[in-house]
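Each chain, letter by letter, is given below.
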Amino acid sequence: MTGHVEVIDHPLVQHKLTLMRKSDTGTSRFRMLLQEISMLLAYEVTRDLKVTQEDIETPLQAMSAPVLDGKKVVLISILRAGGGILDGMLKILPSARVGHIGMYRDPNTLEPVEYYFKVPSEMARRDAVVMDPMLATGNSAAAAVQRLKQAQPKSIKFVCLLAAPEGVRAFHEQHPDVPIYTPAVDERLNEKGYILPGLGDAGDRMFGTS
Ligand code: URA
């Protein structure tokens, strides 16, 4: 089984991504664009949510109308840069529940180590959307999803802003069942693990650190 990659080629998404790539786009504009693009990604990633019919009254007459079915979606932010996507997604999904996963790479073993994990209750009845802006090597995203699977959510999708082909391959080797939603799959990783052409360090550009 090979995993699915959904490239979000909507013109608004592509335009905003181009602005985010530009090296002269400053922190506040970068943050705002990330929030806007994440709202559009939320729209795409929720396209297949189940609905059920509810009897309602309009000012003119009764009707049966669709509403979202089941438990609230859970948005899972991978610390720290996942928070940028989370902010935008919560604008579209204000009732969503939120989880956080923190992993770092042990400098000796190079293995991902968990330092934070908190998710809502009743995960077995919730669809999970995991987010991290850059799918570079894919190692931390794959480790975060591995950890999340222990909580047994109903379904898992992964959303990012940019992916490298190496990251997509590594992620889907471990999780062919988790579709990736991304506006673009770039050329490759450089020797330091940055995506080329990419947009630089997403966390630094978002928070003004370096
Ligand atoms: N993380 C980033 O922020 N940027 C990259 O290009 C790769 C990983």
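In short, a report on the structure. (Residues numbered from 1 in each chain as written. Predicted model: local features only at pLDDT ≥ 70, side-chain atom pairs only at ≥ 80, totals over all residues. Heavy atoms only, no water.)

1. Details of the nonpolar core
Thought 1: Within the largest apolar cluster, 36 residues are counted, with the highest numbers of intra-cluster contacts made by M20, L75, M89, V129 and L199.
Thought 2: Every element with two or more residues in this core is listed here: α1 (11–21), α2 (27–45), α3 (82–92), β7 (127–131) and α6 (202–207).
Thought 3: No other element matches the 7 residues that α2 contributes to this core.
Thought 4: One finds A144, C160, A163 and F171 within the second-largest nonpolar core, a separate group that totals 24 residues. (Core = buried A, V, L, I, M, F, W, Y, C linked by side-chain atoms within 4.5 Å. Buried < 20%, exposed > 50% of the residue type's maximum accessible area, 1.4 Å probe, protein only. Helix = DSSP H or I, 4+ residues; strand = E, 2+ residues; numbered from the N terminus.)

2. Topic: a nonpolar patch on the surface
Thought 1: Taken together, Y104, Y115 and Y116 make up a surface patch of nonpolar side chains, about 340 Å² in accessible area.
Thought 2: By the element assignment, Y116 lies in strand β6 (residues 112–118). (Patch = residues over 30% accessible without salt bridge, like charges linked within 9 Å, V, L, I, M, F, W, Y side chains within 5 Å. Areas by Shrake-Rupley, 256 points an atom, 1.4 Å probe, with all protein chains shown as cover. Salt bridge = Lys/Arg side-chain N within 4 Å of Asp/Glu carboxyl O.)

3. Description of unusual backbone geometry
Thought 1: Cis geometry is found at the peptide bond from L79 to R80, where omega equals 0 degrees.
Thought 2: Assignment of secondary structure puts R80 in the loop between β4 (74–78) and α3.
Thought 3: With an omega dihedral of -5 degrees, the bond running from L196 to P197 counts as a cis peptide bond.
Thought 4: Tracing the backbone shows P197 in the loop between β13 (195–196) and α6.
Thought 5: For Q152, which is not glycine, the phi torsion reads 55 degrees and is therefore positive.

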